[in-house]
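So the chains spell out like this:
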Amino acid sequence: MTDQHPENHLAARITERGPIRTIGVIGMGYVGIPAAVLFADIPGIRHVYGFQRDSTTSGYKIAMLNRGESPLKGEEPGLEPLLKKVVDAGTFSCTPDFSKIADCDAVCLAIQTPFKDHADLLPDFTPLIDGLRHVGANLTPGMLVVLESTITPGTTVGMAREILEEESGLVAGRDFALAHAPERVMVGRLLRNIREHDRIIGGIDRVSTMRAVELYTPVLTTGRVIPMTATAAEVTKTAENTFRDLQIAAANQLALYCEAMGVNFYDVRAGIDSLKGEGITRAILWPGAGVGGHCLTKDTYHLERGVQSAGSTLDYPKGMQSLYTLARDINDFMPEHMLHLTKAALAEAGKPLTGARIALLGWAFINDSDDARNSPSEPYFKAARAAGAEVRVHDPWVDPATSPDLPDGGLTGDLEEVLTDADAVVIFTGHAIYRGLVPEQVKRFCGCERPVIVDGRNIVEPEKWVEAGFLYKGVGRGEWN
Ligand code: SAJ
């Protein structure tokens, strides 16, 4: 055959293969499971394989999924009924047999890329590399490979392409299609987000982009596809979280300024927010005890690594820190600020931080959730303990039996136990239960003359707590601090 232009060669292979009928999704987690069951529910799909390593930690998911039971914690509206439907219809099954990738027209990698170690802020791509090797070993001409994981810009055209070509002996963009389609799922609305959010789809070339558009279009309801290049898609995903982190940092810094100037941040915020209209509205978010989770705490560093390794020189003010990592540093300072507020309030009560008993309320990184990944409560807990305070942690949502991210010494769902004899009550997470705290009742549990309340999420009313005899400090509450 004449040596066609690679894209024409790929287009010919895809035409020979025909419409996508068999799909593989690697990684049966918060991203992979909803993606797989939505694909399996597309009319005309022959089969969707959910690939899951039969490991000691997550091998149990295989049997659960094949029984039509979801291994995901928490409420996911519509997920389990849809899973049962596609299992009963025979269009979905979960398997540890990665050789079945060879039967697929398209394979999606939905494998998480956590920090190897929070200190060095480097992602652990090991699981993703394993997944890519499995795909490469079973790659066939005309197949589409899609990375859904959040990755450093440059990974799809770089590391991923290299591994797939090395393992298969095939050429990306000529023999197989390769794209990045970042997930935008959120716990509690997995199916809804995939169906309703717009889907960024970036191929390494036009043919790859179009094949990936063909894959995702049938699962979208109100969402639309937004095609671009693979690297642009990687930048979009990491930058959308970088910008959210930046907006939170701007609110946190203004809250610190308001505290220093004796001003109520929330009055200022309402004032700024009143400026509405075309192009002049300000996106002012909320200050707080810190930023946790598995998105905002790492995606800035993906973006930074992407631009550093982009190769071409970046024109940026010489020697100046990135605005984005500066935002990360400001957000990561907030737990330290909470300790400063605690120490100042205890001092006003005539008590040193050393030896003080602190009731830390909230271990989850987000309100009314059991997710404690990269929780800002953790650095506060460690620093307070290092300063000689005794810290007892309460969280009604985090299950000590199943949460891998626990304070040493554990936590409890028994609020009375944590509040008893506490010198300071420190609110880190905006769980609804804490909005209902009755200051007089809490004071009785604390059992001391001048207990302290430090509110990291602005969920209690200062005047009520001060009237009940508390020393109050709050993030952004300069008029009370
Ligand atoms: N936070 C603030 N102030 C704010 C908003 C959040 O301090 O104004 C803190 C929260 O307390 C939490 C952290 O930031 O500790 C992260 O909160 P988040 O609402 O951003 O929740 P995440 O981390 O689950 O972010 C996810 C992201 N979704 C995806 O990556 C698909 C993010 O892009 C979404 O914008 C966010 O959900 C959302 O809007 O719910």
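Residues numbered from 1 in each chain as written. Predicted model: local features only at pLDDT ≥ 70, side-chain atom pairs only at ≥ 80, totals over all residues. Heavy atoms only, no water.

Draft legend 1. Geometry of the pairing of strand β11 (residues 357-361). Within β11, 4 of the 5 residues are buried, which leaves the element mostly enclosed by the surrounding structure. Here β11 runs beside strand β12 (residues 390-394); their pairing, made up of 5 bridges, is parallel. Its bridge partner being in β12, Ala359 is matched across the sheet by Arg392. With helix α13 (residues 377-386) bridging β11 and the parallel β12, this β-α-β connection has right-handed handedness. As judged from the 4 bridges shared by β11 and strand β13 (residues 424-427), these two strands associate in the parallel manner. (Buried < 20%, exposed > 50% of the residue type's maximum accessible area, 1.4 Å probe, protein only. Helix = DSSP H or I, 4+ residues; strand = E, 2+ residues; numbered from the N terminus. Pairing = 2+ DSSP bridges. Right-handed = clockwise from strand over helix to strand, strands pointing away.)

Draft legend 2. Quick peek at a nonpolar patch on the surface. A contiguous nonpolar patch, built from Val307, Leu314, Tyr316, Met320, Leu323 and Leu326 and spanning about 530 Å² of accessible area, is present on the exposed surface. Within the secondary structure, Leu323 sits in helix α12 (residues 323-348). (Patch = residues over 30% accessible without salt bridge, like charges linked within 9 Å, V, L, I, M, F, W, Y side chains within 5 Å. Areas by Shrake-Rupley, 256 points an atom, 1.4 Å probe, with all protein chains shown as cover. Salt bridge = Lys/Arg side-chain N within 4 Å of Asp/Glu carboxyl O.)

Draft legend 3. Focus on the sheet that holds strand β1 (residues 22-26). Overall, mixed pairing links the 8 strands, which are arranged β3-β2-β1-β4-β7-β8-β9-β10 in an open sheet. This sheet does not close on itself; its edge strands, each paired only once, are β3 (92-95) and β10 (225-229). Strand after strand, the sheet turns through a mean of 25° between neighbouring axes, direction not considered. As defined by bridge partners, β1 adjoins strand β2 (residues 47-51) across 5 bridges and the pair is classed as parallel. (Axes fitted to C-alpha atoms, helices over the stretch in contact; angles between N-to-C directions.)

Draft legend 4. Molecular detail of the site of the ligand. Close to the ligand lie 18 residues, the nearest being Asn241, Arg244, Trp286, Gly292 and Phe365. The side chain of Arg189 places a nitrogen or oxygen atom 3.3 Å from an oxygen atom of the ligand. Arg244 is positioned with one of its side-chain polar atoms (N or O) 2.6 Å from an oxygen atom of the ligand. Relative to its unbound accessible surface of 740 Å², the ligand loses 83% to contact with the protein. Taken together, the residues of the shell around the ligand sort by class into 10 nonpolar, 3 polar and 5 charged. Residues lining the shell around the ligand come from more than one domain, with at least three contributed by each of domain 1 (6-223) and domain 2 (230-481). (Near = heavy atom within 4 Å. Polar contact = N/O pair within 3.5 Å; in protein donor to acceptor, adjacent residues only side chain to side chain. Nonpolar A, V, L, I, M, F, W, Y, C, P; charged D, E, K, R; others polar. Domains from an automatic or database assignment.)

Draft legend 5. Structural context of helix α8 (residues 206-216). When you tally the buried positions in α8, you get 8 out of 11 residues, the bulk of the element. For α8, the set of buried residues is Val207, Ser208, Thr209, Arg211, Ala212, Val213, Leu215 and Tyr216. In this structure Asp205 caps α8, since a side-chain oxygen of it lies 3.2 Å from the backbone nitrogen of Val207.

Draft legend 6. The pattern of salt bridges, seen in detail. According to the stated counting rule, one finds 28 salt bridges in the structure shown. A salt bridge links Glu167 to Arg133; the shortest N-O distance between them is 2.7 Å. Separated by 34 residues along the polypeptide, Glu167 in helix α6 (residues 156-168) and Arg133 in helix α5 (residues 126-137) bring together distant segments of the chain. For Glu167, a relative accessible area of 32% corresponds to the partly exposed category. Taking relative accessible area as the criterion, Arg133 reaches 33% and is therefore assigned partly exposed. Two residues, Arg161 and Glu165, come together in a salt bridge whose shortest N-O distance is 3.3 Å. Note that Arg161 and Glu165 are positioned in helix α6 at a spacing of 4 residues, about one turn of the helix. Looking at Arg161, the relative accessible area reads 25%, which means it is partly exposed. Through salt bridges with shared partners, one network takes in Arg133, Glu166 and Glu167.

Draft legend 7. Seen up close, empty space enclosed by the protein. Counted under the stated rule, the structure contains 2 cavities of 30 Å³ or more. Around the largest cavity, the lining residues are Pro182, Glu183, Arg184, Val185, Asn193, Ile194, His197, Asp198 and Arg199. Within the lining of the largest cavity, the residues separate by chemical class into 3 nonpolar, 2 polar and 4 charged. In this structure, the second largest cavity encloses a volume near 30 Å³. In terms of lining, the second largest cavity is formed by Ala35, Leu38, Phe39, Glu148, Ile194, Arg199, Tyr216 and Val219. Of all the elements, helix α2 (residues 32-40) adds the most residues to the lining of the second largest cavity, at 3 residues. (1 Å grid on protein atoms, 1.4 Å probe; cavity = no way out; pocket = protein on both sides within 12 Å on 5 of 7 lines; lining within 4 Å. Points joined across faces, edges and corners; volume = space filled by probe spheres on them.)

Draft legend 8. Quick look at the domain arrangement of the protein. Segmenting the protein into domains produces domain 1 (6-223) and domain 2 (230-481). On a C-alpha basis, the centres of domain 1 and domain 2 stand 35 Å from each other. Domain 1 puts 25 residues into the contact, and the matching count from domain 2 is 21 residues. For the pair domain 1 and domain 2, the two sides together bury roughly 2000 Å², of which 59% comes from carbon and sulfur. Across the domain 1-domain 2 interface, the total number found is 1 salt bridge. We note a salt bridge from Arg184 to Glu240, for which the minimum N-O separation is 2.6 Å. The interface formed by domain 1 and domain 2 contains 7 residue pairs in polar contact (both at pLDDT 80 or more). Of all the elements in the fold, those that place two or more residues in the side of domain 1 that touches domain 2 are β6 (122-123), α6 and β9 (199-203). In terms of residue count, β9 provides more of the side of domain 1 that touches domain 2 than any other element does, 3 residues in total. (Contact = heavy atoms within 4.5 Å. Buried area = accessible area lost by both parts, 1.4 Å probe.)

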